[in-house]
Amino acid sequence: MIKWILYFFVVSGLLVALIYPMQLYSSMKMGGAAVLTLIVLRFNPAWLCRFTLMFLVSLVPFLIMNGILTGSFIEQEIVWYNPAHIFNYRIGTIPVEDVYYSLFMLLTTMLFYEGLKRYSSRSKNLN
């Protein structure tokens, strides 16, 4: 079940990147997140289910904070997106692309963390 959530991000991200290539912000963020997620799914690391749950939990504060920045709870938004560069579907005032951006950033961080952890354990075993 958990992996299907990630497969949803892969399929939807690739579709938007292919159908709307002129919306650069959308195609780059959604396509990049989709490709990185697909690579990780291919290797099926042990931490993938925990990561997915962590990502879903992290969306709550992310959506609150991003909502504030994009004008949900304030008179004038702090962050403004050019409609010519985005897919223009929103969660409240938040462009959907930002959820994919969050996935991309968290997954990249997790990959670096796991890689450094593996490297560290190997170097300890050599000594």
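Conventions we followed
- Residues numbered from 1 in each chain as written.
- Predicted model: local features only at pLDDT ≥ 70, side-chain atom pairs only at ≥ 80, totals over all residues.
- Heavy atoms only, no water.
- Helix = DSSP H or I, 4+ residues; strand = E, 2+ residues; numbered from the N terminus.
- Buried < 20%, exposed > 50% of the residue type's maximum accessible area, 1.4 Å probe, protein only.
- Patch = residues over 30% accessible without salt bridge, like charges linked within 9 Å, V, L, I, M, F, W, Y side chains within 5 Å.
- Areas by Shrake-Rupley, 256 points an atom, 1.4 Å probe, with all protein chains shown as cover.
- Salt bridge = Lys/Arg side-chain N within 4 Å of Asp/Glu carboxyl O.
- Contact = heavy atoms within 4.5 Å.

Sorry if this is basic, but what is going on with unusual backbone geometry here?
Negative phi values dominate among residues other than glycine, just as trans dominates among peptide bonds. One non-glycine residue, Asn44, lies in positive phi territory at about 45 degrees. Structurally, Asn44 is set in the loop between helix H2 (24-43) and helix H3 (48-69). In the Ramachandran plot, Asn88 falls in the positive-phi region, its phi being about 70 degrees despite a non-glycine side chain. Note on placement: Asn88 falls in the loop between H3 and strand E1 (90-91). Under the relative-accessibility criterion, Asn88 is labelled partly exposed at 42%.

I'm lost on a nonpolar patch on the surface in this one. Help?
Taken together, Val11, Leu15, Leu18, Ile19 and Tyr20 make up a surface patch of nonpolar side chains, about 510 Å² in accessible area. Topologically, Leu18 is positioned in helix H1 (residues 2-19).

So what exactly am I meant to see when it comes to the environment of Ile68 here?
By secondary structure assignment, the location of Ile68 is in helix H3. Spatially, the C-alpha atom of Ile68 lies 10 Å from that of Gly92, the residues being 24 residues apart in sequence. What Ile68 contacts, discounting residues up to four positions off in sequence, is Phe73 and Ile74.

Sorry if this is basic, but what is going on with the side chain of Ser26 here?
Position of Ser26 relative to the elements: it lies in helix H2. Each residue touching Ser26, except ones within four places of it in the same chain, is listed here: Val16, Gly31, His85, Ile86, Phe87 and Glu97.

In this structure, what is going on with the side chain of Asn66? I would like to understand it.
Tracing the backbone through its elements, the reader meets Asn66 in helix H3. Setting aside chain neighbours within four positions, we find Asn66 in contact with Tyr81, Ile94 and Asp98.

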